[in-house]
Amino acid sequence: MPEKSLSNILYVEDDLDIQAVAQIALEVVGGFTLKTCSSGAEAIAAIEQGFIPDLLLLDVMMPNMDGPTTLSELRKLPVTTNTPVIFMTAKVQSNEQDYYFTLGAIGVIAKPFDPMALAGQARALWDKVS
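Let us look at the structure shown here. Residue indices follow the written sequence of each chain, beginning from 1 at its first position. Whole-chain, interface and lining totals are the exception, using all residues; otherwise, since this is a predicted model, local features are given only for residues with pLDDT of at least 70 and side-chain atom pairs are given and counted only at 80 or more. No hydrogens and no water enter the side-chain calculation; it runs on all heavy atoms of the structure.

1. Quick look at the nonpolar core
Using the following cut-off: By convention a nonpolar core is built from buried Ala, Val, Leu, Ile, Met, Phe, Trp, Tyr and Cys residues, the set being connected through side-chain atoms within 4.5 Å. Only protein chains enter the area calculation, which uses a 1.4 Å probe; residues under 20% of their type maximum are buried, those over 50% are exposed, and those in between are partly exposed. Helix and strand definitions here come from DSSP, where helices need a minimum of 4 consecutive H or I residues and strands a minimum of 2 consecutive E residues; each element is numbered from the N-terminal end. We call two residues in contact whenever any of their non-hydrogen atoms come within 4.5 Å of each other.
Membership of the largest hydrophobic core comes to 21 residues, with the highest contact counts inside it found for Leu-10, Val-12, Leu-56, Leu-58, Leu-74 and Phe-87. Looking at which element gives the most residues to this core, the answer is helix α2 (residues 40–48), with four residues. Leu-10 has contacts with Lys-35, Cys-37, Ala-43, Ala-46, Ile-47, Phe-51, Pro-53, Leu-55, Leu-56, Leu-57 and Leu-74, leaving out every residue within four places of it along the chain. Judged by nonpolar contacts, the second largest core, of 20 residues, contains Leu-57, Met-88, Phe-113 and Ala-122.

2. Examining the sheet that holds strand β1 (residues 8–12)
The cut-off we apply is this: One requirement defines pairing of two strands: DSSP has to find at least two bridges between them. Axis angles are defined between N-to-C directions and span 0 to 180 degrees, where every axis is a line fitted to C-alpha atoms and, for a helix, only to the segment in contact.
With parallel pairing, the five strands of this open sheet are ordered in space as β2-β1-β3-β4-β5. Looking at the sheet topology across the chains shown, the edges are occupied by β2 (33–37) and β5 (105–110). Geometrically, the sheet is characterised by an average inter-axis angle of 20° between neighbouring strands, direction not taken into account. Here β1 runs beside β2; their pairing, made up of five bridges, is parallel. Opposite Asn-8, over in β2, you have Thr-33 as the bridge partner. The sheet strands contacting helix α4 (residues 94–102) are β4 (85–89) and β5, and the helix crosses β5 at an angle near 145°.

3. Points about helix α1 (residues 16–29)
Spelled out, the test is: The span one expects for a helix is its residue count, reduced by one, times 1.5 Å. It is the directions from the helix axis to the C-beta atoms that the arc portrays.
Taking 1.5 Å per residue, 14 residues should reach 20 Å; α1 reaches 19 Å between its end C-alpha atoms and fits that length. Those residues of α1 that sit buried are Gln-19, Ala-22, Ala-25 and Leu-26. Considered in projection along α1, the buried side chains sweep an arc of 135° and stay on one side of the axis. Residues of α1 that are exposed and point over 90 degrees away from its buried face: Leu-16, Asp-17, Ile-24 and Val-28. Residues of α1 that are buried in the fold lie against β1, β2, β3 (55–59) and α5 (115–129).

4. Here's the deal with the packing of aromatic side chains
Short version of the rule: Stacked, tilted and edge-to-face are the three classes applied to pairs of Phe, Tyr and Trp rings, where Trp contributes its six-membered ring and a pair requires centres within 6.5 Å; stacked means planes under 30 degrees apart, edge-to-face means over 60, and tilted covers the rest.
The tally for this structure, following the rule as stated, stands at two aromatic pairs. For the pair Tyr-99 and Tyr-100, a centre-to-centre distance of 5.8 Å together with 55° between the ring planes defines the contact as tilted. Exposure remark for Tyr-99: the relative accessible area of 42% places this residue in the partly exposed category. Among the aromatic residues, ring-to-ring pairing joins Phe-87, Tyr-99 and Tyr-100 into one connected group.

5. Quick word on the packing of α2 against helix α3 (residues 67–74)
Each packed pair of helices is defined by two parameters, the angle between the axes and the distance between the axes. This is how it is decided: To sort the angles, those under 35 degrees are grouped as roughly parallel, those over 145 as roughly antiparallel, those from 65 to 115 as roughly perpendicular, and the leftovers as oblique. Each crossing gets its handedness from the near helix: less than a right angle anticlockwise from the far helix is left-handed, clockwise is right-handed. For this scheme, ten residues count as nonpolar: Ala, Val, Leu, Ile, Met, Phe, Trp, Tyr, Cys and Pro. Four count as charged, namely Asp, Glu, Lys and Arg, and the remainder, Gly too, count as polar.
Running from N to C, α2 and α3 cross one another at 25°; their axes reach a closest spacing of 9 Å. Here α3 runs roughly parallel to α2, going by the angle between their axes. Crossing geometry of α2 relative to α3 is assigned as right-handed. Seen from α2, the contacting residues are Gly-40, Ala-43, Ile-44 and Ile-47; seen from α3, they are Thr-70, Glu-73 and Leu-74. Across the contact of α2 with α3, the residue classes tally to four nonpolar, two polar and one charged.

Here it is as structure tokens:
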């Protein structure tokens, strides 16, 4: 069976400026198809409406439903039960990163991130598990 390639990314980020930078970094620089959502609820709706991501990219700190809670809810949906996840956060202390890994994260990308390196970081983390 051929390995699945990384093309569709669901990115959940409540900050519209960060969303815009990441969109350019992932679509223009990385060549990915990106679905951006401003909240966990929006992400769940996007999946329910048919977007099937190869990778989940989740901001940790968001109002109402944070990244870990969003992941928990996405895991309840059949198409995202096993989708690899990367958390993006300014909280990158080792104990915090350990927590994200216990949730099943394949990696953590520190914020602020380098827009020119973001696609490569996501692909490198993806490659480790695919």
